[in-house]
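# An overview of the molecular structure
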Amino acid sequence: MRLRVFHARTTAQALAQARAALGEDALILSTRRAQGGVEVTAAAPVAEEPVEPIAPPARRRATPDETVAAALRRHGVPEALIETFAVGDSLAAALAASLDFARLPLDPGAVLLLCGPPGAGKTLTAAKLATRLRIDGAAPAVIAADGRRAGAVDQLAAYTRLLGLNLVVAPDIPRLAKAIARRPQDAPTLVDLAGADPFCEQDGTELAALIEAVGATAVLVLPAGTDAAEAGDIAAAMAARGVRHLLPTRLDVARRLGSVVAAAAAGALALAEAGIGPGATDGLAPVDPAALESWLLAPPAARRSLRKDVMA
């Protein structure tokens, strides 16, 4: 506000001066006698400049790295996941922040159930794990629980004979439960389950009951190169039954790995290893964010030698 003091012989004259100088809206703050008359202090409001509201800084939306995004699209990764993975400092960092990575529990006494749809590679994966454990000095218990597929037991028996391991055949749930109860406690137990329909209520109920009854860790074995949406649905259905890990197979022959990423994300399944070839001794590779990044960004031609590159 603007303050001014007016002197006049009378109050009326001082008020008239104030209004003439400051306008009819002048505020009379005080009136007092002064030498030669009166003194009036008046004020006039000063028009304030409108204050523009300060808008908060707009949140900058991360711009996807188009090179990474293009590579993920070639693999058939769902678009929603591309928006998550193709931002940040690196693809590996984004994968580490969004997906789970954890080693397979292969400690003494642990039970590992290899489950999944028919033909996913469960039997060969069991043989690969048994071979590696044997090389490392352990003698895992191996249980063939696939009583549906012709030749499944014979295939696994051929490996266990070469490894000097006993193979327990348990083609149904009651005998499987007994075999697991009698397992040795000084080595892990590998169970090759029969192929199951992930969307079958009976198969799912049996798997969930088995996992809970024996305290096992269930691993979804799923081939790479399939439809990403289908893989995601399978993983989500298996996760609802208690499956906690994902082991993708056939990475060496698959051109697109979108199904691997989609399954891991949809089921919140932990990645640990992947099948990269038919060999029992060198057919598995560890999976971590850096490895998955390299596989996703490498051109298909470069990934044809995946097994040799990983094991070199």
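Residues numbered from 1 in each chain as written. Predicted model: local features only at pLDDT ≥ 70, side-chain atom pairs only at ≥ 80, totals over all residues. Heavy atoms only, no water.

## Focus on the overall build of the chain
The cut-off we apply is this: Comment: elements are numbered from the N terminus, with helices defined as DSSP H or I runs of at least four residues and strands as E runs of at least two. Note on classification: 1.4 Å probe, protein chains only; a residue is buried when its accessible area is under 20% of the maximum for its type, exposed when over 50%, partly exposed between these limits. Contact definition: two residues touch when any of their heavy atoms are within 4.5 Å.
A count of helical and extended segments in the chain gives 13 helices and 13 strands. Each of the 312 residues in the chain was classed as buried or not, and the buried ones make up 46%. The contacts in the chain between residues at least 6 apart in sequence include a share of 72% that link residues at least 24 apart.

## Quick look at the pattern of salt bridges
The condition that has to hold: By salt bridge we mean one thing: a side-chain nitrogen of Lys or Arg within 4 Å of a carboxyl oxygen of Asp or Glu.
Evaluation of the coordinates by the stated rule reveals 5 salt bridges. A salt bridge links Asp 107 to Arg 103; the shortest N-O distance between them is 3.8 Å. Given a relative accessible area of 40%, Asp 107 falls into the partly exposed group. Classification of Arg 103 as exposed rests on a relative accessible area of 56%.

## Side note on the sheet that holds strand E4 (residues 100-101)
The condition is simple: When DSSP finds two or more bridges between two strands, those strands count as paired. Each axis is a line fitted through C-alpha atoms, and for a helix only the stretch in contact is used; angles between axes span 0 to 180 degrees, taken between their N-to-C directions.
Spatial ordering of the open sheet is given by E4-E11-E10-E9-E5-E8-E6-E7, a layout of 8 strands whose pairing is parallel. A strand with exactly one partner marks an edge of an open sheet, and here the two such strands are E4 and strand E7 (167-169). Direction of pairing for strand E5 (residues 111-115) relative to strand E8 (residues 189-193): parallel, over a ladder of 4 bridges. Counterpart to Val 111 in the pairing with E8 is Thr 189. Along the sheet, helix H7 (residues 173-181) makes contact with E5, strand E6 (141-145), E7 and E8, crossing E6 at roughly 175°.

## Considering the pairing of E8
When a strand is regular, its side chains alternate between the sheet's two faces. In terms of burial, E8 is largely enclosed, as 5 of its 5 residues are buried. Side chains Thr 189, Val 191 and Leu 193 of E8 all project onto a buried face; the interleaved residues Leu 190 and Asp 192 project onto the opposite face, where all are buried too. With 5 bridges connecting them, E6 and E8 associate as parallel partners. Its bridge partner being in E8, Ala 145 is matched across the sheet by Leu 193.

## Observations regarding helix H2 (residues 66-74)
We apply this condition: Our arc is simply the arc of the directions from the helix axis toward the C-beta atoms. We call two N or O atoms a polar contact when they sit within 3.5 Å, provided that within protein one can donate a hydrogen and the other can accept it, with sequence-adjacent residues counted only if both atoms are side-chain atoms.
By the burial criterion, the buried members of H2 are Val 68, Ala 69, Ala 71 and Leu 72. Angularly, the buried residues of H2 cover 160° about the axis, an arc narrow enough to put them on a single face. Exposed side of H2, more than 90 degrees from the buried face: Glu 66, Thr 67 and Arg 74 are the residues found there. Buried residues along H2 sit in contact with helix H3 (79-85), helix H4 (91-98) and helix H11 (289-297). The opening residue of H2, the one whose side-chain oxygen lies 2.9 Å from the backbone nitrogen of Thr 67, is Asp 65. Phi turns positive, to about 80°, at Gly 76, one or two residues after H2.

## Looking at the packing of helix H9 (residues 228-239) against helix H10 (residues 258-267)
For clarity, the cut-off: Roughly parallel refers to an angle under 35 degrees, roughly antiparallel to one over 145, roughly perpendicular to one between 65 and 115, and oblique to any angle outside these ranges. Here is the rule for handedness: rotate from the far helix to the near one, and if that takes an anticlockwise turn smaller than a right angle the crossing is left-handed, while a clockwise turn gives right-handed.
Orientation of H9 relative to H10, taken along the N-to-C sense of each, is 30°, at an axis distance of 7 Å. Judged by the angle between their axes, H9 and H10 are roughly parallel. Crossing hand, H9 versus H10: right-handed. Residue-level inspection shows Ala 228, Ala 231, Gly 232, Ala 235, Ala 236 and Ala 239 of H9 in contact with H10, the latter providing Gly 258, Ser 259, Ala 262, Ala 263, Ala 266 and Gly 267.

## Here's the deal with the side chain of Glu 293
In plain terms, the rule: Counted as positive: Lys and Arg. Counted as negative: Asp and Glu. His and the chain ends are not counted at all.
Tracing the sequence through the fold places Glu 293 in helix H11. Buried and unpaired, Glu 293 has Arg 74 as its nearest opposite-charge partner, separated by 13 Å.

## Quick word on the environment of Leu 95
Looking at the secondary structure, you find Leu 95 in helix H4. With a relative accessible area of 0%, Leu 95 lands in the buried category. For the pair formed by Leu 95 and Pro 289, sequence separation is 194 residues and the distance between their alpha carbons is 5.8 Å. For Leu 95, the residues in contact, after removing those within four places along its chain, are Phe 85, Phe 101, Pro 289, Leu 292, Glu 293 and Leu 296.

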